[in-house]
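Structural characterization, general
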Amino acid sequence: MYQKKTFVISILTLGAFTFQYCSKSSDTVTPVTPADPYAAIKATFGTSIDPNNLANYANQGKPNYIVKENAGGAAISNAKATLGRVLFYDKNLSIDNSISCASCHRQQFAFSDTAIASKGVAGGLTARHSMRLVNTRFAVEQKFFWDERAATLEIQTTKPIQDHAEMGFSGLNGRPGLPNLLVKLQGINYYNELFKFVYGDITVTEARLQECLAQFVRSIQSFDSKYDAGRSLVGNDGQPFPNFTPVENMGKQVFINPPVFDATGNRVNGGAGCNGCHNAPEFDIAPNSGNNGIIGKIPPQPGIDITVTRAPSLRDLTNTAGIVNSPFMHTANLGTLQNAIGHYNTINIAPGNTNLDPKLRPNGFGQHLNLTGQEMNALEAFLRTLSGTNVYIDKKWSSPF
């Protein structure tokens, strides 16, 4: 007599292949659906992040006249920049889950802050004003922080996390250190999925945090300004821009043309020479610059600070409504463009300032540009042309939470 045999159920998974052995009295096999590898990502971020359809960070266009680059040729990866975006906005990176990188660098202010000093954990405050992050990548200068203490952007990214007053993982006065953060993040399910997606395993390291945060920050770019529309129509910055008003073109010349000084530091000819430190078309800070004559500290900090030698790009000083994105300088003591122009118009060498940039002390005297009201207004009009629109609204730079 014929006897039907029964097989034991067994499921064996090897890598990406699933083998099924099913108990059956017929030829029907019930398919087994593997677990969703992105379940936690979907549950946390919804449609903000889709691992199968990432935002474009890697292949953004830039004008052919933009030639400066401080990333050392390192390519941006969509996956790493996406993970960097999550890290940038995640308050889990602070000891009390109250502060993220984006708390001090807010998209609506060109990734700066309107506060003079930004709030940190447990009532702490930043020692210097929050620097705008727009076009961080497009500069010759490779060092970061106002005082250039970080040799690369990668090194810079985890320093605020380890700052006692900012995000708190300092390892000081009983607080946890960075190794505690790494363990904390590795215990969060969406980071398990994101790190495995990016790196092939769930291990969280400082080097990986640095790489991904740096890639996200480098991706933040702004090249859709009135200046860019005009620059694309001419061969160089010295030519009049067809889309500029006469006042804006005048301001451009005041910005570009170097001043001619007499023996006591008074301008007798030429422009303001802003281009000497903030060279168009990137408008970044020149490497090896000295300080700009502002050597105070945010109160109640005592003393002077002559170590501030870096500055953000001059792009996006103002928002789409024409309002300044944040107060200017590391002390945030200049609230308007006219204030900033006025500072450079008359430089007085303060006692103890042994690090003033040589370009600001012609013949050993603080520069006196003696700009006319017309020149100052024209210069302000030109600076306003450097602001775009997309950087404030592009979702790939917004919070994914």
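It should be noted that the structure appears before, not after, this text.
As the structure is a computational prediction, the values presented were derived from the model and not from experiment.

Digging into the overall build of the protein
- Along the protein, the regular secondary structure elements total 11 helices and four strands.
- Its C-alpha atoms put the protein at 120 × 55 × 35 Å along the principal axes.
- Summarising the internal contacts of the protein: among those between residues at least 6 apart in sequence, 62% fall at separations of at least 24.
- Approximately 18,900 Å² of the protein is accessible, and the part contributed by carbon and sulfur atoms is 55%.

Regarding the environment of Ile41
- Note that Ile41 resides in helix α1 (residues 39-45).
- Note: C-alpha distance between Ile41 and Glu193 (152 residues apart in sequence) is 7.0 Å.
- Beyond its immediate chain neighbours, meaning those up to four positions away, Ile41 contacts Gly46, Ile49, Pro51, Tyr190, Glu193 and Leu194.

Focus: the pattern of salt bridges
- Within this structure, the stated rule accounts for 18 salt bridges.
- Glu69 is the salt-bridge partner of Arg137, the closest N and O atoms lying 2.9 Å from each other. Of the two residues, Arg137 is situated in the loop between α3 (101-104) and α4 (153-157) and Glu69 in the loop between α1 and α2 (78-89); the sequence distance between them amounts to 68 residues.
- Residue classification places Arg137 among the buried residues on the basis of a relative accessible area of 18%.
- Residue Glu69 is classed as partly exposed on the basis of its relative accessible area, which comes to 30%.
- Here Glu380 and Arg384 are joined by a salt bridge, their closest N and O atoms 3.0 Å apart. A residue pair is termed a helical-turn pair when its members lie 3 or 4 positions apart in one helix, as Glu380 and Arg384 do in helix α11 (residues 373-384) at four residues.
- According to the relative accessible area criterion, Glu380 is buried, its value standing at 15%.
- Here the residues in one salt-bridge network are Arg128, Asp147, Arg149 and Asp305, joined through shared partners.

Digging into the state of the cysteines
- Scanning all chains against the criterion turns up zero disulfides.
- We note that Cys101 lacks a disulfide partner, and the nearest cysteine sulfur, in Cys104, lies 8.4 Å from it.
- A relative accessible area of 9% places Cys104 in the buried class.

Digging into the pairing of strand β4 (residues 267-270)
- Here three bridges tie strand β3 (residues 259-261) to β4, and the two strands are oriented antiparallel to one another. Pairing of Val260 across the sheet is with Asn269, part of β4.
- Two successive antiparallel strands, β3 and β4, enclose a turn made up of five residues, where Gly265 displays a positive phi of approximately 85 degrees.

Some words on the environment of Thr385
- Within the secondary structure layout, Thr385 lies in the segment after α11.
- For Thr385, a relative accessible area of 2% gives the class buried.
- Taking C-alpha positions, Thr385 is 9.7 Å from Ala229, a pair spaced 156 residues apart along the chain.
- Apart from residues no more than four positions distant in its own chain, Thr385 is found in contact with Ser225, Lys226, Tyr227, Phe244 and Glu248.

Digging into the packing of aromatic side chains
- Considering all chains together, one arrives at 21 aromatic pairs under this definition.
- Ring geometry for Phe88 against Tyr89: centres 5.3 Å apart, planes inclined by 70 degrees, an arrangement best described as edge-to-face.
- Arranged with centres 6.3 Å apart and planes meeting at 75 degrees, the rings of Tyr227 and Phe382 form a pair that is edge-to-face. Here Tyr227, found in helix α8 (residues 226-231), pairs with Phe382, found in helix α11; they are 155 residues apart in sequence, far enough to count as distant.
- On the basis of relative accessible area, Phe382 is assigned to the buried category, the value being 1%.
- Between Arg208 and the ring centre of Tyr199, over which it is positioned, the NZ or CZ distance is 4.2 Å.
- For Lys396, the ring lying beneath its charged end belongs to Trp397, and the centroid distance is 4.5 Å.

Some words on helix α5 (residues 178-186)
- Taken as a whole, α5 has its buried residues at Leu178, Leu181, Leu182 and Leu185. In an axial view of α5, the angular spread of the buried residues amounts to 100 degrees, which keeps them on one side of the axis. Turned more than 90 degrees away from the buried face of α5, the exposed residues are Pro179 and Val183.

A look at the packing of α2 against helix α6 (residues 189-199)
- Between α2 and α6, whose axes approach to 9 Å, the crossing angle comes to 155 degrees. Taken together, the axes of α2 and α6 are roughly antiparallel relative to one another. By crossing handedness, the relation of α2 to α6 is classed as left-handed. Of the residues in α6, those in contact with Ala79, Lys80, Leu83, Val86 and Leu87 of α2 are Tyr190, Tyr191, Leu194, Phe195, Phe197, Val198 and Tyr199.
- Across the contact of α2 with α6, the residue classes break down as 11 nonpolar, no polar and one charged.

With respect to helix α7 (residues 206-219)
- The end-to-end C-alpha distance of α7, which contains 14 residues, comes to 20 Å, matching closely the 20 Å that a straight helix rising 1.5 Å per residue would cover.
- Within α7, 11 of the 14 residues are buried, leaving the element largely enclosed by the surrounding structure.
- Among all positions of α7, only Arg208, Leu209, Gln210, Cys212, Leu213, Ala214, Gln215, Phe216, Val217, Arg218 and Ser219 are buried.
- The inward-facing, buried residues of α7 contact α2, α3, α4, α5 and α6.

Criteria and cut-off values
- Along each chain, residues carry numbers from 1 onward, in the same order as the chain's sequence is written.
- pLDDT decides what is reported in this predicted model: residues at 70 or higher carry local features, side-chain atom pairs at 80 or more are listed and counted, and totals for whole chains, interfaces and linings draw on all residues regardless.
- Side-chain descriptors were evaluated using all non-hydrogen atoms of the structure, hydrogens and water having been removed beforehand.
- A helix here means a DSSP run of H or I that spans at least four residues, while a strand means a run of E at least two residues long, and both kinds are numbered starting from the N terminus.
- Contact between two residues is taken to exist if any of their heavy atoms lie within 4.5 Å; hydrogens are not considered.
- Residue-level accessible areas treat just the shown protein chains as cover; the underlying method is Shrake-Rupley with a 1.4 Å probe.
- The salt bridge definition used is simple: a Lys or Arg side-chain nitrogen within 4 Å of an Asp or Glu carboxyl oxygen.
- Residue exposure (1.4 Å probe, protein chains only): buried if accessible area is under 20% of the type maximum, exposed if over 50%, otherwise partly exposed.
- Two cysteine sulfur atoms form a disulfide, by the criterion used here, when they sit within 2.5 Å.
- At least two DSSP bridges between two strands are needed for those strands to be called paired.
- For Phe, Tyr and Trp, rings pair up if their centres lie within 6.5 Å, where Trp contributes its six-membered ring, and each pair is then called stacked (planes under 30 degrees apart), edge-to-face (over 60) or tilted (otherwise).
- Sitting over a ring, as applied to charges here, requires NZ of Lys or CZ of Arg to be within 6 Å of the ring centre and within 35 degrees of the ring normal.
- Each C-beta atom gives one direction from the helix axis, and the arc is the one those directions make.
- As a rule, the C-alpha atoms of each element are fitted with a line to give its axis, helices using only the stretch in contact, and angles between N-to-C directions run from 0 to 180 degrees.
- For classification purposes, angles smaller than 35 degrees are called roughly parallel, those larger than 145 roughly antiparallel, those between 65 and 115 roughly perpendicular, and all remaining angles oblique.
- If you view the pair so one helix is near and one far, a crossing is left-handed when the near helix is turned anticlockwise from the far one by less than a right angle, and right-handed when it is turned clockwise.
- The nonpolar class holds Ala, Val, Leu, Ile, Met, Phe, Trp, Tyr, Cys and Pro. Asp, Glu, Lys and Arg form the charged class, and all remaining residues, Gly among them, are polar.
- The span expected for a helix works out to 1.5 Å for each residue beyond the first.

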